[in-house]
Amino acid sequence: MQCYTELTPPTAVTHSLSLPFLSAQSNNLVVAKLSLLQIFTTKLVSAEVDNAQNPQLQTTTPDQPYDVRINDDDGLEASFLGADSALVRSDRSHYTKLVLVAEFPLAGTVTGLARVKYPSSLSGGDALLIAFKDAKLSMVEWDPAKHSIQTSSIHYYEQEDNHGAPWAMPLSHYVNFLTMDPGSRCAALKFGARNLAIIQFKTVEEDVDMQDWDEELDGPRPSKEPSTTLANGTSNNQETPFSTSFVLRLPNLDPSLIRPVHIAFLHEYRDPTFGILSATSSPSAVLGSKDQLSYTVFTLDLEQKASTTILSVNGLPQDLFRVHALPTPVGGALLVGANELIHIDQSGKTHGVGVNSFSKQATSYSLIDQSELEIMLEDCQIEIISAETGELLMVLNDGRLALINFRIDGRTVSGLSVRLVGQEFGGNLVPARATTLSKLGRASLFVGSEDGDSLVLGWTRKQGQASKRKQRLDPSLDLDMDDEDFEDMEDDDDLYGEVSAPVRPTTSDVNGTAGRPGELVFRIHDFLISIAPIRDFALGTTSSSKDEGRSYQAGVTSELSLVCVVGKGEAGSLAILNRAIQPNVIGRFEFPEARGFWTIAAQKPVPKSLQGDRGATSLGAGYDNTTHQDKFMIVAKVDLDGYETSDVYVLTGAGFEALTGTEFDPAAGFTIEAGTMGQHRRIIQVLKTAVHCYDGDFGLSQIVPMLDEDTGAEPRVEYASIVDPYILLVRDDGSVFIAKMDHNLELEELEKDNSLLASKKWVTACLYEDKSGIFSNGTKNGQEAKAGDNIVMFLLSKYGALHVYSLSNLETPIYVAEGLSYLPPLLSTDFAARRGTSKENVKEISVADLGDKTSSSPYLVIRNSDDDVIIYEPFRTNSKPTAELSLSQSLHFQKLPTSAVARNIETEAEDEMEEKRTYSMRRCDNIAGYKTIFVPGNSPRFVLKSAKTLPKTMELQGEGVRGMSTFHTEGCERGLVYADSRGIARVCQIPNGQTTYADIGMSLRKLPLNADAHSVSFHPPSGAFVVGCHVPEPFELPKDDDYHKEWHSEKDVGLKPTTTRGSIRLINPKTWTVVDTVEMEPYETAMCVETLHLEISESTNERKHLIVVGTAISRGEDLPIKGRVLVYDVVTVIPEPGRPETDKKLKLIAKEDIPRGAVTALSEIGTQGLMLVAQGQKCMVRGLKEDGSLLPVAFMDMSCYVTAVRELRETGLCLMADAVKGVWFTGYTEEPYRMILFGKSSTKLEVLTVEFLPDANELLIVACDSDGGIHIFQFDPEHPKSLQGHLLLHRTTFSTGAHIPTRSILLPRTLPATSDYLTWHQANDTDTNTNTDEETSSSAVRNPSIILFASPTGVLATLSPLSEPQYRRLSFLCGQLLSSLPQHAGLNPKDYRAPLSTGAVGMFPPGVDASMGRSIVDGAVLSRWNELGSGRKAEIAGRVGFAGAEEVREVLREVLGTNGLGYL
């Protein structure tokens, strides 16, 4: 069988919600990406700092949508204060940034989010109600003790008796949505055709004592029932956040509620009240009719389960599709239609506005005419900007911004209007359709999208000229303040208590009227990167831009890159993906003796003759360290004879030179650690036997030998850690040496006699400067913390206990966790393992800040003997600022999920010493803007984290790394220097401009195309990529038509329908720019673009890689579809002046018109260089003739629409996928030319893509349907039920949930030589290959295959074959993990992956059932293996049948992650 593994998480944002989730005072954003739930908090960053850090943030659109002097209308600041003052003033604002707190993969598809005000929650914040596909609900809340979400309740409405009529469709075929009462009294889930589930919640009013009870009027006060405690300590009336839920049939509320359109709870009602938009007839039954919808408001009596109709409005336009509830002072509901907006207040009074010319034709309803806007409201999203002034923001389906303004007279609404936001005010910042809007703060908004990156938009109010002058002349104000300044001061007021805040100028003060203060100016504050939807992908080489750079990049560049076309509309982009970090090499040197690097930014000592009142700052740049650029580098060496030395080098722009003439002693020994202390005035070199201190010019100032005065022993240093002003050494006898640098710049050892620190044996240790205060007990009142008091020491004892000391007191540890070596999911002081539980061999620990310039936080990083990395996140349980609990009670460490497994490289060690040598992890404060940890060794990795991701381990491309250090000079800013196992040293930088790493766990470079791209192909001879795009154009009626006189009246329609026009773009990967574009004919669209190896000469049989494009010409629904096959070659031409990359062009060499049907799929076929063309309802084999025509030689009649064709290379075996009629397995012969049908699947299968999957001696067929099911078929004519092979055998079906594969490709699989898969098949073939061709069989084993899938949600996944022992043990392991690990939101992963039992697949099996109860192994469950503790791992491994956890690790290394795609 096979294993399905997701390589990247979903990135398409479908739902979002802003609420205080982590605590009552927090401001959190919950984002749902179908099966991934992310919780963010917000952070304000100065705009000036952020622009310097992220210059690409404001260049999302090609042109700048606003001027830097946008707030200076009359130029007063520029004239009085200088030209630069406006720019300074514009940067006084703050940007709202998102910081990820936690994320949770869910075994379900999220269809809705709602906020539940739950005062008795564990965190004090609100709870979250999550709706899932097929009528499931889960209520979760934040658990501060576990730093995770906890499921409070689960609601399930999939019972058969709720489905209604027997002929009702399955639940998945209906639009189910969730809505919440603003008072959190109840929630409503509409599911099925007309079912409404009401979930009641307990409110504060129900729980408080009846203080207003009058015994004289109301009788005796009822007594509360005492809660009786049962024998097991639980209560018989357990408190739950919800009451009994029930299901209503909508026709029972009102007989006219037959076809509900949308529902929403309304604001400011005493009882839960909702408005529902509904129709009495189906949309198809009212074609040609107008105004058939009705809007009805009901109030619910939850106790009686009854309802009352408050108002009803009939005769509403037919195209309304959403109800948007509005808070006071506007109130009521806003009904959104395709052509109009209608507001209905609490009394039933309506106001509407038509926004395009079709509104008059679509409805007879009374509307204000704003048809000059000519905007379409389908799929628009609306969010409230200011409830007080009645201002709403609307994001249209093309990304444009519009404002909805309500005119309010007293307490009533007198009208509404719509206006587009101009481009100069940021109206086109959103490039694609939005799916969700959530207001984050007073002036920021989250815009989630499925078609592109999700954005955080902020806005400021552009003030008028009169108001600015008035503020400047106002003597009561010292400074001119805009709205943002007042907001900042009010935020400070919230932080620091009740102080006199400045009076905000009112609306009448600003404009002199009761109107609004002015235009809103929008800016992009932050973004969540997305690779959704993945339209197509191709593998190709991405060469360097410089020829000389290719030799530098040798060894650190992958063989191939995965190039995807992602996004829709203007958000269309190219995404270049690689599995590892590929650095840009600036310098490359042969340095075989190097074993370690330490770059140093030291301050030169001030000569005594110059010391005086002037100080060091006036003596030049060499005597201060404000630039912090590295000046020197210490290198630890081992020569060919095994002699260990150290040398010092001076750094140049992109390299280094030997430094001589100093007191540095190269023969002193091997350097363990080096750094600076004493505010960069002392250089510290830690050797195995001593510590050397130098001044800034490497003048020796102190030597501290490693000598035990009591015993006379000389222990050797193994680990060292330097944090100014302390140094920590761990020696081979298990002792530690701690010293502090005093004000005389000399090291003094700290006393540790008669303490645990001196008596215990230590394995490894590190120092950490606690800037966040998470490891402190809090400063005492009235005492200021001294410098160095926040430095904490972490030690790992010989028996695996973690001890934490504050260096201000070495007598007793401040925190002791005995169970670190057991690697539990939650590490705390009270963790106790059972006797005999196996431990992990922990090799090294390090505590460091991980993150970027926006946000960073400390993490505990553990490295075991297998070089695997385990990451723990520390957190405190007491949320209040006053330390109620001690550090040992409140500090916990949570293990973060990581499925990365270090690669084991079998290398020949130079000697035994080199084999035993270990290289310590390196903390890096700034590499390409990241605070990171580098893990050297055979599997070099960075532990990277951005503000919007969890920490992830990213491999460094190339060989194993011996030594590494940061490298920051003028020629290489924020780079690194390292030496690999082949003795090559490189000075390089990590690309960070358009490249991200931790967002999807792979190296991602995203380049905008600003066009809707749908296909991509790589041309190997030229090294170029060809992208198929299409651009929308207005549809024009034929001008020469004399038969349709009525068409002449439609030529002046303002809002014309659009059609697409295709184009082919040639992209040179040297600069990733478009070097040639071929425009197609009007109404012609490129359906598929492929690179095929075709025969171009009938006489010489010469073959060549050519670009083949299949197109469709659609001139209207009443005319037949036509198609064309276009064949291009990439030729070399003279480049344009100054653009050497434009040396390639597309040349048309052949074309063929297809009179009936579009060309939807292409493939190579056979051994003679022919192509298989899916044209209309035929699949035809064509050959390229020298006259430029395509000669058909064979064909196969198909059913409806061919979505994909595949051929097993040069075998003639073909697969054809039909969009409605399933999979066809055919064969092609060349003598004579003909196609033969071998077998079919069920004719009720909607197949999107299909692939062959060779598995040793078996050939499997993998088909993906439109419901997200992956079906495994097999051709077996000997099976009795297959009708001699005419019906394909159905082996199994696996559900991918919402991540429906739409693109696939068969790729070679990279496996280690010791792979279980290869070993088992080779042994099997040796036993069974008596009568078969051994060469064919062994080649199938030597060349294993893997299928790569892409989905519209941004998920890349693989399907890899397993050997029989692997499948049995991994499937058993999945079952054990499901019962051992907690499942978020109470979902069932096994049911999530089960095939659909409803719809066409449930009624009509895909083929002859031959599954025998087997299924595909779920890699998402296997990836959670590392969440278990070491004891639980050993127990489950033995139960499943593995020799131990080590063997499980080796098998998971084959099937998880990108290890099977080693060439990426």
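Up top is the structure.
Values in this document were obtained by computation on a predicted structure and should not be read as measured data.

Here is what the cut-offs are and how they apply
Residues numbered from 1 in each chain as written. Predicted model: local features only at pLDDT ≥ 70, side-chain atom pairs only at ≥ 80, totals over all residues. Heavy atoms only, no water. Helix = DSSP H or I, 4+ residues; strand = E, 2+ residues; numbered from the N terminus. Buried < 20%, exposed > 50% of the residue type's maximum accessible area, 1.4 Å probe, protein only. Contact = heavy atoms within 4.5 Å. Areas by Shrake-Rupley, 256 points an atom, 1.4 Å probe, with all protein chains shown as cover. Salt bridge = Lys/Arg side-chain N within 4 Å of Asp/Glu carboxyl O. Core = buried A, V, L, I, M, F, W, Y, C linked by side-chain atoms within 4.5 Å. Pairing = 2+ DSSP bridges. Axes fitted to C-alpha atoms, helices over the stretch in contact; angles between N-to-C directions. Polar contact = N/O pair within 3.5 Å; in protein donor to acceptor, adjacent residues only side chain to side chain. Disulfide = S-S within 2.5 Å. Parallel < 35°, antiparallel > 145°, perpendicular 65-115°, else oblique. Left-handed = near helix turned anticlockwise from the far one by under 90°. Nonpolar A, V, L, I, M, F, W, Y, C, P; charged D, E, K, R; others polar.

S.K.: What is the right way to read the overall build of the protein chain from this model?
M.R.: A tally of helices and strands in the protein chain yields 22 helices and 89 strands. A total of 1464 residues make up the protein chain; the buried ones form 55% of that total. Long-range pairs, those at least 24 residues apart, make up 59% of the contacts in the protein chain with a sequence separation of at least 6. Accessible surface for the protein chain amounts to roughly 63,300 Å². Of this, 49% is attributable to carbon and sulfur atoms.

S.K.: How should I be thinking about the pattern of salt bridges in this particular structure?
M.R.: Pairing between side chains of opposite charge can happen when their charged atoms approach one another. In total, this model carries 45 salt bridges according to the counting rule given. A salt bridge links K948 to D526; its shortest N-O distance comes to 3.3 Å. You can see K948 sitting in the loop between β58 (941–944) and β59 (952–955) and its partner D526 sitting in strand β30 (residues 520–528), a full 422 residues away along the chain. A relative accessible area of 15% means that K948 is categorised as buried. Here R1206 and E1251 are joined by a salt bridge, their closest N and O atoms 2.6 Å apart. With R1206 in strand β77 (residues 1202–1207) and E1251 in strand β81 (residues 1247–1255), this pair connects stretches of sequence that are 45 residues apart. Residue R1206 is classed as partly exposed on the basis of its relative accessible area of 21%. In this structure, a network of salt bridges that share partners links the residues R834, R1432, E1435 and R1439.

S.K.: How do you make sense of the nonpolar core when you look at a structure like this?
M.R.: Where a protein is soluble and globular, its nonpolar side chains tend to be buried together. Core analysis: the largest hydrophobic core is formed by 32 residues, its most contacted members being I684, V686, V691, I727, L729 and L747. Listed by contribution, the elements that provide at least two residues to this core are β35 (594–600), β36 (632–638), β39 (671–677), β40 (682–687), β41 (690–694), β43 (717–723), β44 (726–731) and β45 (736–741).

S.K.: Hey, could you run me through the pairing of strand β26 (residues 412–420) in this one?
M.R.: Remember that side chains alternate between the two faces of the sheet whenever the strand is regular. Bridge analysis of strand β25 (residues 401–409) against β26 gives eight bridges, and the strand direction is antiparallel. Bridged to R407 within β26 is G415. Here β25 folds back onto β26, and the loop between the two strands holds two residues, one of which, G410, carries a positive phi near 70°.

S.K.: Could you clarify how one ought to interpret the sheet that holds strand β12 (residues 195–200) in this entry?
M.R.: Hydrogen bonds along the backbone pair up the strands of a sheet, which may run parallel or antiparallel. Read from one edge of the open sheet, four strands run β10-β11-β12-β13, paired in antiparallel fashion. In the strand order of this sheet, the two ends are held by β10 (177–180) and β13 (246–249), each with one partner. Across this sheet, the average inter-strand angle for adjacent strands is 25°, counted without regard to direction. Bridging between strand β11 (residues 186–191) and β12 involves six bridges; their strand directions are antiparallel. In the strand pairing of β12, A188 is matched with I198.

S.K.: Just checking my understanding: could you explain the environment of R194 for this structure?
M.R.: Summarising the element assignment, R194 is placed in the loop between β11 and β12. Residues R194 and L257 lie 63 residues apart in sequence; the distance between their C-alpha atoms is 7.9 Å. If near-sequence neighbours (up to four positions away) are discounted, R194 is found in contact with L248, R249, L250, P251, I258 and P260. Only 2.7 Å separates the side chain of R194 from the backbone oxygen of I258, close enough to count as a polar contact.

S.K.: When you look at the state of the cysteines in this model, what are you seeing that I'm missing?
M.R.: A covalent bond between the sulfur atoms of two cysteines is what we call a disulfide. Using the criterion set out here, one finds zero disulfides in the structure. Cysteine C1179 remains unbridged, with the sulfur of C1214 as its closest cysteine sulfur at 8.6 Å. Judged by its relative accessible area of 0%, C1179 falls in the buried class.

S.K.: Can you help me understand unusual backbone geometry in this one?
M.R.: A negative phi angle is the norm for most residues apart from glycine, just as the trans form is the norm for most peptide bonds. Residue P329 is reached from T328 by a cis peptide bond, and omega for that bond is 5°. Relative to the elements of secondary structure, P329 occurs in the loop between β18 (320–325) and β19 (333–337). With an omega of -15°, the peptide bond running from A532 to P533 counts as cis. Of note, P533 is situated in the loop between β30 and β31 (534–540). The phi dihedral of D379 is positive, around 60°, even though this residue is not glycine.

S.K.: Got a minute to help me understand the packing of helix α17 (residues 1364–1380) against helix α21 (residues 1430–1440) in this structure?
M.R.: Axes are the key here: two packed helices are described by the angle between their axes and the distance separating the axes. Packing of α17 against α21 brings their axes to within 9 Å, and their N-to-C directions diverge by 140°. Relative to α21, α17 is oriented oblique. Like other packed secondary-structure pairs, α17 and α21 cross with a definite hand, here right-handed. Facing R1369, F1372, L1373, Q1376 and S1380 of α17, the residues of α21 in contact are R1432, I1436, R1439 and V1440. A class-by-class count of the residues in the contact of α17 with α21 yields four nonpolar, two polar and three charged.

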